[in-house]
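This is what each chain is made of:
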Amino acid sequence: MVKSITETTTLHNGVKMPWFGLGVWQVANDEEVVTAVKSALDTGYRAIDTAAAYKNEEGVGQAIKESGVAREDIFLTSKLWNADHGYESTLQAFEDSLQRLGTDYLDLYLIHWPKDGFKDTWRAFEKLYEEGKIRAIGLSNFHQHHIEDLMTTAKVKPMVNQIEFHPLLTQEALRDFCKIQEIQFEAWSPLAHGKLLDDPTLKEIGEKYGKSPAQVMIRWDLEHGVITIPKSSNPGRIKQNSEVFDFELTSEEVEKIDALNRNERTGADPDNFDF
Ligand code: NDP
């Protein structure tokens, strides 16, 4: 059972990654992101998930500097955007992200989507990893077949796969595959992008523990051994989302939530996207 906000899982290369963090997609690169990230760090969050495509890396970097929390105590993730696939362009895009974030290394760098050319991109990831500029490298939005394809040329096995995961999309087959491969599964849109906040099953389970549907969904991720990065730009909800380490769901409750699955996406299918 994950018992604290700073508890970590150990990736297959030995790097420790927090189970819980803040996602900052659609948080504007101004006061909004600085306030959100500072408020999260102040609350005790130690992992931040951004991406070049979110256009808020500068604000994330500024917030980290102003927070007073040491850089090495924060697990910082960013992602390579689709326009930057390819060996040389990846090396450049990585340096640009570092510069915007005001740091000289990343804890985790992910290929955001499996665009054509991802094998060349991965070679650049491996070089940056071997040079010690990234502590762990991974994927996002890779189906099993994308991972298998990558593994035909990869020298370093990805450490993480960040995937859409919430009670409407439970991804059982991909989770099982990642587990066997020792690739840590990480949820994006763990709150179904706000879609399930009034769900009666989640409400009923939450009432038993004095928790909100959002808190129940976050706890359900942890019970499944899935890293979770709920987004909020509201300091009250940032705090609320972190108050999930003082209760545990029973296996019956986990199954009840699993049964909400409808294989329903809030975002694009990695086999069919046009961006
Ligand atoms: P989430 O599933 O985390 O849901 C966020 C929504 O829920 C916001 O509208 C937020 O509003 C609201 N919310 C948050 N906490 C609460 C609460 N306690 N009670 C009520 N409402 C709440 O959405 P995201 O889609 O942002 O996913 C999370 C993160 O995953 C992203 O920020 C990003 O880091 C990552 N991601 C990665 C993707 C990828 O392709 N790799 C794709 C999508 C997301 P408010 O801010 O007002 O609180």
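Structure: see above.
Definitions and cut-offs
Residues numbered from 1 in each chain as written. Predicted model: local features only at pLDDT ≥ 70, side-chain atom pairs only at ≥ 80, totals over all residues. Heavy atoms only, no water. Buried < 20%, exposed > 50% of the residue type's maximum accessible area, 1.4 Å probe, protein only. Helix = DSSP H or I, 4+ residues; strand = E, 2+ residues; numbered from the N terminus. Pairing = 2+ DSSP bridges. Right-handed = clockwise from strand over helix to strand, strands pointing away. 1 Å grid on protein atoms, 1.4 Å probe; cavity = no way out; pocket = protein on both sides within 12 Å on 5 of 7 lines; lining within 4 Å. Points joined across faces, edges and corners; volume = space filled by probe spheres on them. Nonpolar A, V, L, I, M, F, W, Y, C, P; charged D, E, K, R; others polar. Contact = heavy atoms within 4.5 Å. Near = heavy atom within 4 Å. Polar contact = N/O pair within 3.5 Å; in protein donor to acceptor, adjacent residues only side chain to side chain. Areas by Shrake-Rupley, 256 points an atom, 1.4 Å probe, with all protein chains shown as cover. Sits in = over half its atoms within 2 Å of the grid points.

What follows concerns the pairing of strand 6 (residues 106-111). The element strand 6 is extensively covered by neighbouring structure, given that six of its six residues are classed as buried. With four bridges connecting them, strand 5 (residues 75-80) and strand 6 associate as parallel partners. Note on strand 6: the bridge partner recorded for Lys 79 is Leu 110. As a crossover connection, the stretch from strand 5 through helix 3 (residues 87-101) into strand 6 is right-handed. In this sheet, strand 7 (residues 134-140) lies alongside strand 6 in parallel orientation, the contact comprising five bridges. Bridge assignment links Ile 111 to a residue of strand 7, and that residue is Leu 139. After leaving strand 6, the chain enters helix 4 (residues 118-130) and then returns to the sheet as strand 7, a path that is right-handed.

A few words on the layout of surface pockets. Its boundaries defined by the atoms lining it, the largest pocket holds a volume of some 720 Å³. In this structure, the largest pocket is lined by 35 residues; those nearest its centre are Trp 25, Gln 26, Ser 189, His 193 and Lys 231. Every element with two or more residues in the lining of the largest pocket is listed here: helix 8 (213-223) and helix 9 (235-242). No other element matches helix 9, which puts three residues into the lining of the largest pocket. When the residues that make up the lining of the largest pocket are grouped by side-chain class, the tally is 16 nonpolar, 15 polar and four charged. Taken as a whole, the second largest pocket encloses approximately 270 Å³ of empty space.

As for its position among the elements, Leu 11 is in the loop between strand 1 (8-10) and strand 2 (16-18). In this structure, the C-alpha to C-alpha distance between Leu 11 and Glu 182, residues 171 residues apart in sequence, is 7.8 Å. Every residue in contact with Leu 11, bar those within four places of it in the chain, is listed here: Met 17, Ala 136, Met 159, Val 160 and Gln 184.

Taken together, 28 residues form the shell around the ligand, and within it Asp 49, Ser 189, His 193, Ser 232 and Arg 237 come nearest. At 2.8 Å, a backbone N or O of Leu 191 approaches an oxygen atom of the ligand. For the ligand, an oxygen atom lies 2.6 Å from a polar atom in the side chain of Arg 237. Protein chains bury 87% of the 900 Å² of accessible surface belonging to the ligand in isolation. Its atoms largely coinciding with the cavity grid, the ligand occupies the largest pocket. When residues in the shell around the ligand are grouped by element, the largest group, three residues, is from helix 9. Each residue belonging to the shell around the ligand can be placed in one class, and the counts come to twelve nonpolar, twelve polar and four charged.

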